[in-house]
Amino acid sequence: MPEPKIRKFLTTVEDIYHEGGKPVETPLKRGAILAVIENPFAGSYHEEIAGFMKDLEPLGLMMANRLIEALGGDKSDIQGYGKGAIVGQAGELEHGALWHVPGGYAMREALGDAKAIVPSTKKVGGPGTRLDVPVTHINASYVRSHFDAMEVGIPDAPRANEIVLALVMTTGARVHARVGGLKADDIKGEDGLR
(Lines give C-alpha, C1' and ligand atoms only; values in the text may rest on other atoms or scores of the structure.)
Protein backbone atom coordinates (compact mmCIF):
# COMPACT_ATOMS: atom_id res chain seq x y z
CA MET A 1 0.00 0.00 0.00
CA PRO A 2 1.19 3.54 -0.61
CA GLU A 3 1.85 6.12 2.10
CA PRO A 4 -1.28 8.00 3.23
CA LYS A 5 -1.92 11.11 1.11
CA ILE A 6 -2.60 13.97 3.53
CA ARG A 7 -4.65 16.99 2.52
CA LYS A 8 -4.58 18.86 5.83
CA PHE A 9 -4.37 18.77 9.61
CA LEU A 10 -6.46 20.56 12.21
CA THR A 11 -5.40 20.88 15.84
CA THR A 12 -7.62 22.41 18.50
CA VAL A 13 -7.28 22.83 22.28
CA GLU A 14 -9.97 23.82 24.76
CA ASP A 15 -9.15 25.28 28.20
CA ILE A 16 -12.17 24.58 30.43
CA TYR A 17 -12.43 26.59 33.67
CA HIS A 18 -15.95 25.62 34.74
CA GLU A 19 -19.14 23.92 33.67
CA GLY A 20 -21.44 26.01 35.84
CA GLY A 21 -19.70 25.59 39.21
CA LYS A 22 -16.86 27.54 40.74
CA PRO A 23 -14.01 28.18 38.25
CA VAL A 24 -10.94 25.99 38.79
CA GLU A 25 -7.46 27.42 39.13
CA THR A 26 -5.93 25.07 36.55
CA PRO A 27 -8.21 24.49 33.56
CA LEU A 28 -8.84 21.10 32.04
CA LYS A 29 -7.23 20.97 28.62
CA ARG A 30 -9.03 18.92 26.00
CA GLY A 31 -7.36 18.71 22.60
CA ALA A 32 -7.83 17.04 19.25
CA ILE A 33 -5.76 16.58 16.14
CA LEU A 34 -7.42 15.59 12.87
CA ALA A 35 -5.84 14.50 9.61
CA VAL A 36 -7.70 14.51 6.31
CA ILE A 37 -6.34 11.76 4.10
CA GLU A 38 -7.27 10.27 0.75
CA ASN A 39 -9.19 7.01 1.09
CA PRO A 40 -7.37 4.54 -1.20
CA PHE A 41 -10.42 2.24 -1.15
CA ALA A 42 -13.08 4.82 -2.03
CA GLY A 43 -15.45 4.04 -4.87
CA SER A 44 -15.42 0.25 -4.86
CA TYR A 45 -15.34 -2.74 -2.54
CA HIS A 46 -11.91 -4.17 -1.70
CA GLU A 47 -11.60 -7.48 0.11
CA GLU A 48 -8.05 -6.88 1.36
CA ILE A 49 -7.70 -3.61 3.29
CA ALA A 50 -5.90 -4.56 6.52
CA GLY A 51 -2.44 -3.77 5.13
CA PHE A 52 -3.27 -0.06 5.17
CA MET A 53 -3.22 -0.12 8.99
CA LYS A 54 0.55 -0.57 8.89
CA ASP A 55 0.84 2.39 6.51
CA LEU A 56 -1.09 4.56 8.98
CA GLU A 57 1.22 3.81 11.93
CA PRO A 58 3.79 6.60 11.29
CA LEU A 59 0.97 9.10 10.77
CA GLY A 60 -0.65 8.02 14.05
CA LEU A 61 2.58 8.45 16.00
CA MET A 62 3.27 11.85 14.44
CA MET A 63 -0.25 13.01 15.26
CA ALA A 64 -0.02 11.75 18.87
CA ASN A 65 3.26 13.60 19.42
CA ARG A 66 1.90 16.78 17.85
CA LEU A 67 -1.15 16.63 20.11
CA ILE A 68 0.99 16.18 23.22
CA GLU A 69 2.95 19.28 22.16
CA ALA A 70 -0.27 21.26 21.62
CA LEU A 71 -1.38 20.32 25.14
CA GLY A 72 1.81 21.69 26.70
CA GLY A 73 4.49 19.20 25.70
CA ASP A 74 4.63 17.10 28.90
CA LYS A 75 3.25 13.61 28.27
CA SER A 76 2.89 13.05 32.02
CA ASP A 77 0.11 15.68 32.01
CA ILE A 78 -2.10 13.57 29.74
CA GLN A 79 -4.75 11.58 31.63
CA GLY A 80 -7.43 10.77 29.04
CA TYR A 81 -7.61 9.71 25.41
CA GLY A 82 -9.84 8.58 22.56
CA LYS A 83 -9.87 8.21 18.78
CA GLY A 84 -12.27 8.26 15.86
CA ALA A 85 -12.72 8.42 12.11
CA ILE A 86 -15.18 9.94 9.65
CA VAL A 87 -15.26 8.18 6.29
CA GLY A 88 -16.39 10.05 3.18
CA GLN A 89 -19.47 8.81 1.36
CA ALA A 90 -17.60 6.88 -1.34
CA GLY A 91 -16.06 4.74 1.41
CA GLU A 92 -17.46 2.35 3.96
CA LEU A 93 -17.50 2.15 7.75
CA GLU A 94 -14.83 -0.56 7.72
CA HIS A 95 -12.34 1.96 6.29
CA GLY A 96 -12.71 3.94 9.52
CA ALA A 97 -11.99 0.78 11.50
CA LEU A 98 -8.51 0.79 9.93
CA TRP A 99 -7.67 3.59 12.41
CA HIS A 100 -8.24 1.42 15.52
CA VAL A 101 -4.77 -0.10 15.72
CA PRO A 102 -2.54 2.72 14.36
CA GLY A 103 -4.39 5.45 16.25
CA GLY A 104 -4.60 3.60 19.54
CA TYR A 105 -1.12 2.17 19.64
CA ALA A 106 0.36 5.50 18.56
CA MET A 107 -1.11 7.28 21.59
CA ARG A 108 -0.12 4.49 23.95
CA GLU A 109 3.43 4.53 22.58
CA ALA A 110 3.74 8.32 22.69
CA LEU A 111 2.45 8.42 26.28
CA GLY A 112 4.72 5.65 27.52
CA ASP A 113 3.03 3.02 29.63
CA ALA A 114 -0.68 3.73 29.06
CA LYS A 115 -2.64 0.58 29.91
CA ALA A 116 -6.30 1.18 29.02
CA ILE A 117 -7.82 0.38 25.67
CA VAL A 118 -8.35 3.57 23.64
CA PRO A 119 -12.10 4.13 23.15
CA SER A 120 -13.19 4.75 19.60
CA THR A 121 -16.01 5.72 17.29
CA LYS A 122 -16.52 6.02 13.55
CA LYS A 123 -19.14 6.93 10.99
CA VAL A 124 -19.69 7.66 7.33
CA GLY A 125 -20.60 11.23 6.38
CA GLY A 126 -20.02 14.19 4.12
CA PRO A 127 -18.14 17.47 4.56
CA GLY A 128 -18.83 19.09 7.91
CA THR A 129 -19.88 15.86 9.63
CA ARG A 130 -19.29 16.03 13.38
CA LEU A 131 -18.11 13.13 15.53
CA ASP A 132 -18.24 12.73 19.32
CA VAL A 133 -14.96 11.03 20.23
CA PRO A 134 -15.23 9.14 23.55
CA VAL A 135 -12.53 9.61 26.18
CA THR A 136 -11.45 7.44 29.12
CA HIS A 137 -8.53 7.48 31.55
CA ILE A 138 -5.29 6.28 29.92
CA ASN A 139 -4.60 3.64 32.58
CA ALA A 140 -8.00 2.52 33.85
CA SER A 141 -11.17 2.53 31.78
CA TYR A 142 -13.37 2.39 34.92
CA VAL A 143 -12.35 5.83 36.25
CA ARG A 144 -15.71 7.61 35.94
CA SER A 145 -14.36 11.12 36.42
CA HIS A 146 -12.55 10.82 33.10
CA PHE A 147 -15.53 9.57 31.03
CA ASP A 148 -15.76 12.38 28.52
CA ALA A 149 -16.10 13.14 24.83
CA MET A 150 -14.94 15.82 22.43
CA GLU A 151 -16.87 16.82 19.35
CA VAL A 152 -14.66 17.12 16.28
CA GLY A 153 -15.10 17.88 12.61
CA ILE A 154 -13.84 19.95 9.68
CA PRO A 155 -16.15 22.11 7.54
CA ASP A 156 -14.81 20.85 4.19
CA ALA A 157 -14.05 17.23 5.11
CA PRO A 158 -14.35 14.44 4.48
CA ARG A 159 -14.90 14.71 0.77
CA ALA A 160 -16.36 11.53 -0.76
CA ASN A 161 -12.90 10.03 -1.35
CA GLU A 162 -11.40 11.02 2.02
CA ILE A 163 -11.17 9.91 5.65
CA VAL A 164 -10.83 12.22 8.66
CA LEU A 165 -8.71 10.55 11.34
CA ALA A 166 -8.97 11.95 14.89
CA LEU A 167 -7.03 11.65 18.13
CA VAL A 168 -8.22 13.28 21.36
CA MET A 169 -6.38 13.74 24.67
CA THR A 170 -7.24 15.44 27.96
CA THR A 171 -5.21 16.59 30.95
CA GLY A 172 -7.61 15.42 33.63
CA ALA A 173 -11.08 14.64 34.85
CA ARG A 174 -14.19 16.53 33.79
CA VAL A 175 -14.33 19.86 35.57
CA HIS A 176 -16.54 19.40 38.67
CA ALA A 177 -16.63 15.57 38.29
CA ARG A 178 -18.61 14.24 41.25
CA VAL A 179 -20.43 11.02 40.37
CA GLY A 180 -18.29 8.64 42.44
CA GLY A 181 -16.70 5.42 41.28
CA LEU A 182 -13.05 4.51 40.99
CA LYS A 183 -10.77 7.53 41.55
CA ALA A 184 -7.63 8.14 39.50
CA ASP A 185 -5.57 8.04 42.73
CA ASP A 186 -6.82 4.48 43.38
CA ILE A 187 -5.81 2.95 40.02
CA LYS A 188 -4.03 -0.39 40.46
CA GLY A 189 -2.75 -0.40 36.86
CA GLU A 190 -2.95 -4.16 36.41
CA ASP A 191 -5.46 -4.69 33.63
CA GLY A 192 -6.31 -1.35 31.98
CA LEU A 193 -9.70 -1.40 33.69
CA ARG A 194 -9.07 -0.61 37.37
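This text gives an overview of the structure that appears in the document. Since we're looking at a predicted model, the values are computed, not measured.

1. Considering the pattern of salt bridges
- Following the criterion strictly, the structure yields 10 salt bridges and no others.
- Of the charged contacts in the structure, one is a salt bridge between Asp-156 and Arg-7, with a shortest N-O distance of 3.0 Å. Pair noted here: Asp-156 is in the loop between strand S6 (148–152) and strand S7 (162–170) and Arg-7 is in strand S1 (residues 6–16), with a separation of 149 residues, a long-range link.
- Residue class for Asp-156 comes out partly exposed when judged on its relative accessible area of 27%.
- Between Asp-113 and Lys-115 there is a salt bridge, and its shortest N-O distance comes to 2.7 Å.
- Take Lys-115: its relative accessible area is 30%, and that puts it in the partly exposed class.
- One salt-bridge network, in which partners are shared between bridges, spans Arg-7, Lys-8, Asp-156 and Glu-162.

2. Notes on the side chain of Ser-141
- Tracing the backbone shows Ser-141 in the loop between strand S5 (131–137) and S6.
- Taking the relative accessible area as the measure of exposure, Ser-141 reaches 12% and is therefore buried.

3. Overview of the environment of Thr-136
- As for its placement among the helices and strands, Thr-136 is situated in strand S5.
- You can call Thr-136 buried: its relative accessible area is 13%.
- With 18 residues separating them along the chain, Thr-136 and Val-118 place their C-alpha atoms 7.4 Å apart.
- Setting aside chain neighbours within four positions, we find Thr-136 in contact with Gln-79, Gly-80, Tyr-81, Ile-117, Pro-119, Ser-141, His-146 and Phe-147.

4. Side note on helix H3 (residues 100–111)
- The terminal C-alpha atoms of H3 lie 17 Å apart, and with 12 residues this matches the ideal 16 Å at 1.5 Å per residue to within 8%.
- Against helix H1 (51–70), strand S3 (80–87) and S7 lie the buried residues of H3.
- Immediately beyond the C-terminal end of H3, within one or two residues, lies Gly-112, with a positive phi of roughly 100 degrees.

Thresholds, definitions, all that
- Residues numbered from 1 in each chain as written.
- Predicted model: local features only at pLDDT ≥ 70, side-chain atom pairs only at ≥ 80, totals over all residues.
- Heavy atoms only, no water.
- Salt bridge = Lys/Arg side-chain N within 4 Å of Asp/Glu carboxyl O.
- Helix = DSSP H or I, 4+ residues; strand = E, 2+ residues; numbered from the N terminus.
- Buried < 20%, exposed > 50% of the residue type's maximum accessible area, 1.4 Å probe, protein only.
- Contact = heavy atoms within 4.5 Å.
- Expected span 1.5 Å × (residues − 1).

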